[in-house]
Every structure is written in C-alpha cells, then in structure tokens.
Amino acid sequence: MSSNDFGFDIKGLAEAGLTVSLSGRLSVENFDKMLSFRGDIFSKYKPSSLVIDLKDVTYMDSAGALFLIEMEYESKKEGIPCEITNMTKEQRGLLELIDRDAYEKSFQVTKKAGLNFIEQIGHEFIKFLDDIKNIITFIGMMIIKIISSLFRLSSIRWNDVLTYMKKSGVDGLPIVGLISFLLGLIMAFMSSLQLKQFGANIYVPALVSIAMIKELGPIMTAIIVAGRTGSAFAAEIGTMKVNEEVDALIVMGFDPIKFLAVPRVFAVMFIMPFLTIFSDLFAIFGGFVVGVLGLDLTVHTYIQQTMKAIKIFDIITSLIKSVTFAVLIAGIGCHRGFEVKHSAEEVGTATTSAVVTALFIIILVDSMFAVVLSYI
Amino acid sequence: MKEIAISVENLTVRFGDSVVLNNINLNVFKGEILVILGGSGCGKSTLLKHMIGLYEPEKGRVIINGIDIINADENKLRELRKDIGVLFQSSALIGSMTVYENIALPLREYTGLSDDAIERLVRIKLAMVGLLGYEIYLPSELSGGMKKRAGIARAIALDPTILFFDEPSAGLDPITAAELDLLIKNINNGIGTTMVVVTHELESIFNIAHRVIMLEKEEKGIIAEGDPYILRKESKDPRVRNFFNRHIPEHLYQKT
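Residues numbered from 1 in each chain as written. Chains lettered and ligands numbered in written order. Predicted model: local features only at pLDDT ≥ 70, side-chain atom pairs only at ≥ 80, totals over all residues. Heavy atoms only, no water.

Chemist: Where do I start with the overall build of chain B in this structure?
Modeler: A count of helical and extended segments in chain B gives nine helices and 10 strands. Relative to its length of 256 residues, chain B is compact, with a C-alpha radius of gyration of 19 Å against a globular reference of 18 Å. Along the first, second and third principal axes, the C-alpha set of chain B runs to 65 × 45 × 40 Å. Residue burial in chain B is summarised as follows: out of 256 residues, 53% are buried. Considering only contacts in chain B between residues 6 or more positions apart, those separated by 24 or more positions represent 64%. (Helix = DSSP H or I, 4+ residues; strand = E, 2+ residues; numbered from the N terminus. Rg over C-alpha atoms; globule rule 2.2 N^0.38 Å. Buried < 20%, exposed > 50% of the residue type's maximum accessible area, 1.4 Å probe, protein only. Contact = heavy atoms within 4.5 Å.)

Have a look at this one:
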C-alpha cells in the first residue's frame, strides 16, 4: 500500500461490534473509495456497534471529515453506537467547523421543478408579449420626453448629443461607406451580367440608384448603426445600472430617460439621415466604377442616367424612414440597457437583444413603409 | 525554526514610471495568519496579487511551497494552484453560475469524482461557512456577507494549505465582519491553513492576526512587523502607532 492510499482493517465480529482501523490519507482523491467502504460496512457487516480508529491516518481533509460525519450519521440512523478514537486536535477542529445539524437536515431536493413543454411555450409567449408591451411603452414615453424637451431646448444635454453624434455618425462613416460602396459595386456587376444579354446596360445606373435610395440605403445604414451604436447604448446603460450609477442619477433628481436616453436618441436621429445619404452616394459611386470601367458607359451617361432615375420624393421618404429607424434603434438600445438589473451576464444579454430586436423591428417597419408608400 | 510556506524575495513592483513596492522581503510561516496592513494606496492588494502570481514583478521572486511561481512551468503551476485558495475583494463568484456550481467548479476540474460525491463535498463546504440551503441561489441574489462566505467556500473547495484574503471584511456590517473573522480563525484552527490577509480594519487585525506587516506609501516597503498588540504600544515609529490608535497626524489638525 502506498502512502497515498486509503486503507482499512476490520476487527471484531458484527454481532459483538466492529473496530475499523483506518490508515493513510482520508482525502479528496480517495473519496469515492471511502464512500463505497461506508456502504459495505453497513450493508455487508451490519455491526451492532462501531469503533473507528484514526491512529494510522496520516492526513485528513474536509472530504475525510465528511466521511466520518456520514459514518456517524448512518450509525445513528441504524441505531448503533459509534465512537471515533485517536482523533488528533486538528482533526477534531476540522470536524467542529462543520455545522452538522444543518448538514443532516439539508438532504432534501433543492432543484426547482422544471416546466413542461406546453408551459414553457406559454411562458415564453407571455414573456414575448410583455416585451412588446414594454418596448412600445418605453418608446412612447421617450417620444413624449423628446417632444417636451423640444419645447425647452436648453434642457437637452447638447454636449452629450454632440459626443454621441461623433461616436455613432462620424466614427461609423468609414464602415458605412465601405459596405455601401461594395454593395453598389456588386449590384451593378451582378445586374449587368443579366442586362448585358439584352443590351440593356444603360439601365444599370437607374437600377443601382433606385434600389439604394428607396430601400437598401436606409436599411443598410440602419443595420450597421444597430450593430455599432444600438449595442453600445445597451452596454453603456446596462453597465451604469450594474454600477448603481442610474440609481445615483435618480437620487440626484435627474430623470434617467432624459439624462441618458434623450441625448442618445437625438444624436442618432440627427446623424442617421446623413449616414443614409452617404451610403446612397457611396453605392452610386460603386455602381459608377463598374459602369465606367466594365460596361463601356461614359461618365456623362452614367451621371445623367442616375439623375434621371432619382426622384426628390424618394429621397425625402428615404430620409423619413431613416429618422424612424434612428428613433427605434436608439430607443431599443437604451431600453435594453435599462432592463439590466445587476449582473455582468445581463449586460451581455441586453447587448445581443438590442441588436436582434432592432433588426427585427427595422425590417417590420420597413415593410410597413413599403406598403404605405405604394399607395401614395 | 518554523517551516516557511511562502517567501517573497527582493520583490520590486513598478507601474509605468512609479515604483509601488521596493525590494520587499517577507516570509510567511506554515499555519500562521499573517496580516498585511497599511493605509489606502500603499500597495497591499498589489503585494497580494504578486504573491498569488497574477502580476509579474519588475524584480524578485515569490516562492510558495518550494516552487518559484514566477518562473515555474504550467504543470507545476497547476499543481500549486490546487494548494492555494483566494478570496477576492468582490468575492468574484461567477455571476452566471449558482452558488453550488461555483463551488463545484474546482472540484469537477481537479478531482474527477462522481457527481454524488461532489454534491456531498459542496454541501460540507457550505456547512463549514454556514450557507447550507443557498445552493441554487445566484451570486446576485446573495447579500455581501453571504457572497464572501460563498467565496470562502469556493476558496477552500480543494482543501488548500494556503489561503489568501483580499479585504475580507470591506463593506460588511460589524456583526457580519466579526462572524467572518471568526470563520477565518476557525478554519485556521481547524485545518491549520496558512493565511495571508490584506485588510485595514483594525478590529479584524486584532482579532485574527498572529503577525502583521505594515506597508507604507512613501517608503514603498515594510515599515513594521510583529504582534499588533505590541506594535500598538511599543512601536517607535509614529506612523505605526497612529495607524493602530486611529490617530490623525498632527499637521492635519491645523485647520480645525
């Protein structure tokens, strides 16, 4: 037997009482062995009394203490006397550390009963409805606050508005520009493959500009802003909630929505139309590159064809759309942030949910726009 | 001569341009409770974090149970980590896991025991810190004192021979803090664990410390060492006496 093992020696007769001499290490590594030993003692030997001798034990940790306690507990349950002998001062100290009454009482089921499948569906559905209600309430409340602050312009924190305009607008311009440019390039290229067959290359400029201005410009910009800015808002406000900063604001007499959400929403509202226009321009430029270099269109033709396709009405509706998206993205981002209560994990959930919810609602609202605009 | 558990040799710590700790030499003996104390910003927590190998020092060595933790290879370090438990200032329980899962985490990683055995061990740790019945709570649902207890239960999950405590009683009410001191003392008496405690709560210091070392900001090092009761009365250094007697230095009285 190596010194790392747990060993035992059983003396005496079951009827007359057993003496169990333990040796070696009563420690975590040997815990499984000790547990099966304990089972054996009580099922095989059925002793009338038990003496546990610790003389040869070289080391005991809390797993060993647990083993001894369970031996005593089992004996008590079986109604046999149990005695532990040759315990050192340290071992006794370790045993005394454990609140035995609580330990013995604690053997009850602590797992929460799970819901069944149908209950889960119902639960999730109610949660979903609640969530929709909350978002609508929050956005409604925010719109009221925005309108009320429009009457008192000095109550808006303009410095914050400018900072967020820079963060979400200026800093986001390169990625918006790049993605739109490539999008225009791809659109022109792919459509030309088809249109070439009919000699209809001349319609590529109109296709790119109409598609961008009416649909893709606002949508692409909204998706990028939701990913960059909506998530950032949720994370910022969420972390502030965790750190009790939001509570501090309330105590100091600030309205957290006015203090935190309104400047953010304003900033995104101001900056989104510009980003959308930039997105349109970059996409048209992408189409232009393909048109001039690949499709034998002259610079003049391309620009002229584009100008002919663009209608002022489309531009205006596209800007209205982008402002609507801005309110929704920023509002949902802030709302998700405010929903965080106290843990780091919730901040992560809020950030993800801010982006996903915003994307979902953007598509929803965009299809509503499409239907409404087709009747005007 | 008592056996040395941890020895810090010529430890120098620098953050950017400023030297925080300069040439610290320190031994911690087996089975003792050593308290590191000093005013705010004197580098107590920094020293602790170097002792557990979280930061790398500018110069010097830290040797725990004969292993140089700064230069040891991964395997040795892993073995050593089993022998060390740390209670962080904020308890650092993993927020997405219940109390039970937090304590079971090191047991699952290091022991390969069956689930049943792990459950029993977790319960026994919870019984030691008086938290039975809170297994399924998330850390965010616990009070500050309970979080610390759960943190201790996790720290002692593998029965380490050395425990580190970073400001165990910070932010706790006096009764909870005293209970925690008692728990620390009981663990030390019961298991004989070596303990290094960083704190500036006088009450705790007098309650638990076998020996203290005092760090000072200007000196960037140790200015006193010994039994706190003796230091309070007999230290020749006014800074040490002031600390133990809650005495404000003379020059700050001028305005009042």
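What follows picks up the thread again.
Chemist: Help me out: how do you make sense of the packing of aromatic side chains in this one?
Modeler: Here a ring pair, both rings aromatic, is described through the centre-centre distance and the interplanar angle of the planes. Residues and elements named next belong to chain A. All told, the structure shown has 15 aromatic pairs over all chains when counted by the stated rule. Between Phe278 and Phe282, the ring centres sit 6.4 Å apart and the planes meet at 35°, which makes this aromatic pair tilted. Placement of both Phe278 and Phe282 in helix α10 (residues 256-294) is noted, with a separation of four residues, approximately one turn of the helix. For Phe282, a relative accessible area of 30% corresponds to the partly exposed category. Judged by centre distance (5.5 Å) and plane angle (85°), the ring pair of Phe288 and Tyr302 falls under edge-to-face. Pair noted here: Phe288 is in helix α10 and Tyr302 is in helix α11 (residues 299-309), with a separation of 14 residues, a long-range link. Tyr302 gets classed as buried once you look at its relative accessible area, which sits at 1%. A connected cluster of aromatic rings, assembled from ring pairs, spans Phe181, Phe285, Phe288 and Tyr302. (Phe/Tyr/Trp six-rings, centres within 6.5 Å; stacked < 30°, edge-to-face > 60°.)

Chemist: Would you explain the nonpolar core in this entry?
Modeler: In a soluble, globular protein the nonpolar side chains are often hidden away together inside. Counting 86 residues, the largest nonpolar core has Leu22(A) and Phe244(B) as its most contacted members. Top element by residues in this core is helix α4 (residues 115-129) of chain B. It accounts for nine residues. When near neighbours in sequence (up to four residues on either side) are disregarded, Leu22(A) contacts Phe6(A), Gly7(A), Phe8(A), Phe37(A), Ile52(A), Asp53(A), Leu54(A), Asp56(A), Val57(A), Phe67(A) and Leu68(A). (Core = buried A, V, L, I, M, F, W, Y, C linked by side-chain atoms within 4.5 Å.)

Chemist: Looking at this structure, I do not really get the pattern of salt bridges. What am I missing?
Modeler: Where side chains of opposite charge bring their charged atoms close, a pairing between them can arise. Evaluated as defined, the whole model comprises 30 salt bridges over all chains. A salt bridge links Glu29(A) to Arg25(A); the nearest nitrogen and oxygen atoms lie 3.3 Å apart. Residue classification places Arg25(A) among the partly exposed residues on the basis of a relative accessible area of 21%. Residues joined in a network through salt bridges with shared partners are Arg38(A), Glu70(A), Asp116(B) and Arg120(B). (Salt bridge = Lys/Arg side-chain N within 4 Å of Asp/Glu carboxyl O.)

Chemist: Mind showing me how you'd approach the interface of chain A and chain B here?
Modeler: By a frequent convention, interface size equals the accessible area lost on bringing the separate parts together. Contact with chain A, which involves 27 residues of that partner, is made by 24 residues of chain B. When chain A packs against chain B, close to 2200 Å² is buried across both sides, 67% of that on carbon and sulfur atoms. Scanning the region where chain A abuts chain B turns up one salt bridge. Arg120(B) is the partner of Glu70(A) in a salt bridge, and the nearest nitrogen-oxygen pair spans 2.4 Å. The interface formed by chain A and chain B holds three residue pairs in polar contact (both at pLDDT 80 or more) in total. Where the side of chain A that touches chain B is concerned, the elements lending two or more residues are α1 (31-45), α2 (62-78), α3 (89-96) and α4 (100-105) of chain A. (Buried area = accessible area lost by both parts, 1.4 Å probe. Polar contact = N/O pair within 3.5 Å; in protein donor to acceptor, adjacent residues only side chain to side chain.)

Coordinates in, geometry out; function isn't part of it.
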